Amino acid sequence: MVNNYTSVTLKERPDLKEELNKLHSIGWVKFMRESPISAKYWDKLLSRFPGFQFILLDEESKAIACGNSIPFQWDGHTDSLPTGWDGVFEKGTLDYDTNKQPNTLSAIAIVIHPQHRNKGLSRIMVKEMRDLAIKGNFKNMVAPVRPSLKSKYPLIPMEEYIGWKREDGTPFDPWIRTHFKLGASIIKVAEKSMVIPAPIELWEEWTDMKFPSTGRYVIDDGLAPLYIDKSANRGVYTEPNVWMRHYLD
């Protein structure tokens, strides 16, 4: 457990931008860093919403974790939630462009340095993000949660997976369970939360696999199979996430 830590926003410490990006570069597998939406909007996220990007520093002032979030406007109805990670990232950016008043904060990512995982930081990071939402006077905080063990069960539909429970009745998945224990509830599955299309040669490079024919392939750290279309020279990974809501009152 990390006891001596400091949380700072990118607005307070713009000099930590590269440290934040470095955490992302080592915290995800290759293909997860290739989202077209991320490529299009990442720099805008950091420059337009620095007060909602934060870094956790240890007692030696080293960056050990970071959290990213984006404000957007939501009417509170389940059906009007964005498609997922891609959708809320884009909506938050476009809401800013069109001067729509945000009332909800959505998580984009929480990344913990591999050397500091399993030390209780996940709970701390979610609480820090909730605190930012409360300080920002938002009505809601939501998260398109990426279940941490789903990659071990890529062929199980997400709707079924989120119904799995432990003997104590809490969610089977550790990351969903962390949110649940902090008071969050599941809203619905985001079936097309993140979509990553790319030529087959890039997928072979990212996954260190060969794809000899058209079909669905299980890939390391994929929450669902990768679909390969040989005739189109294209692979598409469509990731399901889980929309969860934190109650701030």
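Now for a description of the structure that goes with this document. Treat the numbers as computed from the prediction; the structure is a model and nothing was measured.

### Digging into the overall build of the chain
Then comes step 1: Secondary structure summary: the chain contains seven helices and nine strands in total.
Then comes step 2: Since a compact globule built from 249 residues should have a radius of gyration of about 18 Å, the 18 Å found for the chain is in line with a globular shape.
Then comes step 3: Dimensions along the principal axes, computed over C-alpha positions, put the chain at roughly 50 × 45 × 40 Å.
Then comes step 4: Of all 249 residues assigned to the chain, the portion counted as buried reaches 50%.
Then comes step 5: For the chain, the share of sequence-separated contacts (at least 6 apart) that also reach a separation of at least 24 residues comes to 71%.
Then comes step 6: Put simply, the chain shows about 12,400 Å² of open surface, and 49% of that area lies on carbon and sulfur atoms.

### Section: the pattern of salt bridges
Then comes step 1: Tallying each qualifying case throughout the model produces nine salt bridges.
Then comes step 2: For Arg 13, the salt bridge is made with Asp 15, and the minimal N-O distance between the two is 2.8 Å.
Then comes step 3: Note on Arg 13: relative accessible area 31%, which makes it partly exposed.
Then comes step 4: Asp 15 gets classed as exposed once you look at its relative accessible area, which sits at 51%.
Then comes step 5: Where Glu 239 meets Arg 146, a salt bridge forms, and the shortest distance between an N and an O atom there is 2.8 Å. Placement of the pair is Glu 239 in strand 9 (residues 234–247) and Arg 146 in the loop between strand 5 (140–145) and helix 5 (158–161), with a sequence separation of 93 residues.

### What to know about the layout of surface pockets
Then comes step 1: Quantified by volume, the largest pocket comes out at close to 1,400 Å³.
Then comes step 2: Lining the largest pocket are 49 residues; nearest its centre among them are Trp 28, Ile 110, Val 111, Arg 146 and Trp 175.
Then comes step 3: Counting residues per element, the ones that place at least two in the lining of the largest pocket are helix 1 (17–27), helix 2 (36–48), strand 4 (104–112), helix 4 (121–135), strand 5, helix 6 (174–181) and strand 9.

### Side note on the side chain of Arg 130
Then comes step 1: Structurally, Arg 130 can be placed in helix 4.
Then comes step 2: Of the side chains bearing the opposite charge, Asp 131 lies closest to the buried Arg 130, which forms no salt bridge; the N-O distance is 6.2 Å.
Then comes step 3: Not counting chain neighbours up to four residues away, the residues in contact with Arg 130 comprise Met 141, Leu 182, His 246, Tyr 247 and Leu 248.

### Some remarks on the environment of Thr 9
Then comes step 1: Mapping Thr 9 onto the fold places it in strand 1 (residues 6–9).
Then comes step 2: For Thr 9, a relative accessible area of 11% puts it in the buried group.
Then comes step 3: For the pair Thr 9 and Pro 50, spaced 41 residues apart in sequence, the C-alpha separation works out to 6.7 Å.
Then comes step 4: Residues within four places of Thr 9 in sequence aside, it is in contact with Pro 50, Gly 51, Gln 53, Phe 54 and Leu 132.

### Topic: the packing of aromatic side chains
Then comes step 1: The full count for this structure, using the stated rule, is 16 aromatic pairs.
Then comes step 2: When the ring of Phe 31 is compared with that of Tyr 237, the centres are 5.0 Å apart and the planes differ by 70 degrees; the resulting orientation is edge-to-face. With Phe 31 in the loop between helix 1 and helix 2 and Tyr 237 in strand 9, this residue pair connects regions lying 206 residues apart in the sequence. In this pair, the class of Phe 31 matches that of Tyr 237, namely buried.
Then comes step 3: Through successive ring pairs, a cluster of aromatic residues spans Phe 31, Trp 203, Trp 206 and Tyr 237.
Then comes step 4: Seen from the ring of Tyr 161, Lys 150 lies directly overhead, with NZ or CZ sitting 6.0 Å from the centre.

### Some thoughts on the pairing of strand 9
Then comes step 1: Burial of strand 9 is extensive: ten of the 14 residues sit out of reach of the surface.
Then comes step 2: Here ten bridges tie strand 6 (residues 185–198) to strand 9, and the two strands are oriented antiparallel to one another. For Ile 196, the partnering residue across the bridge sits in strand 9 and is Tyr 237.
Then comes step 3: Bridge count for strand 8 (residues 226–229) against strand 9 is four bridges, and the pairing is antiparallel. Looking at the pairing, Asp 229 lines up with Arg 234 of strand 9.
Then comes step 4: In this structure, the hairpin formed by strand 8 and strand 9 is closed by a connection of four residues, where Asn 233 is found at a positive phi of approximately 50 degrees.

Cut-offs used in this document
Residues numbered from 1 in each chain as written. Predicted model: local features only at pLDDT ≥ 70, side-chain atom pairs only at ≥ 80, totals over all residues. Heavy atoms only, no water. Helix = DSSP H or I, 4+ residues; strand = E, 2+ residues; numbered from the N terminus. Rg over C-alpha atoms; globule rule 2.2 N^0.38 Å. Buried < 20%, exposed > 50% of the residue type's maximum accessible area, 1.4 Å probe, protein only. Contact = heavy atoms within 4.5 Å. Areas by Shrake-Rupley, 256 points an atom, 1.4 Å probe, with all protein chains shown as cover. Salt bridge = Lys/Arg side-chain N within 4 Å of Asp/Glu carboxyl O. 1 Å grid on protein atoms, 1.4 Å probe; cavity = no way out; pocket = protein on both sides within 12 Å on 5 of 7 lines; lining within 4 Å. Points joined across faces, edges and corners; volume = space filled by probe spheres on them. Lys, Arg positive; Asp, Glu negative; His and termini not counted. Phe/Tyr/Trp six-rings, centres within 6.5 Å; stacked < 30°, edge-to-face > 60°. Lys NZ or Arg CZ within 6 Å of the ring centre and 35° of its normal. Pairing = 2+ DSSP bridges.

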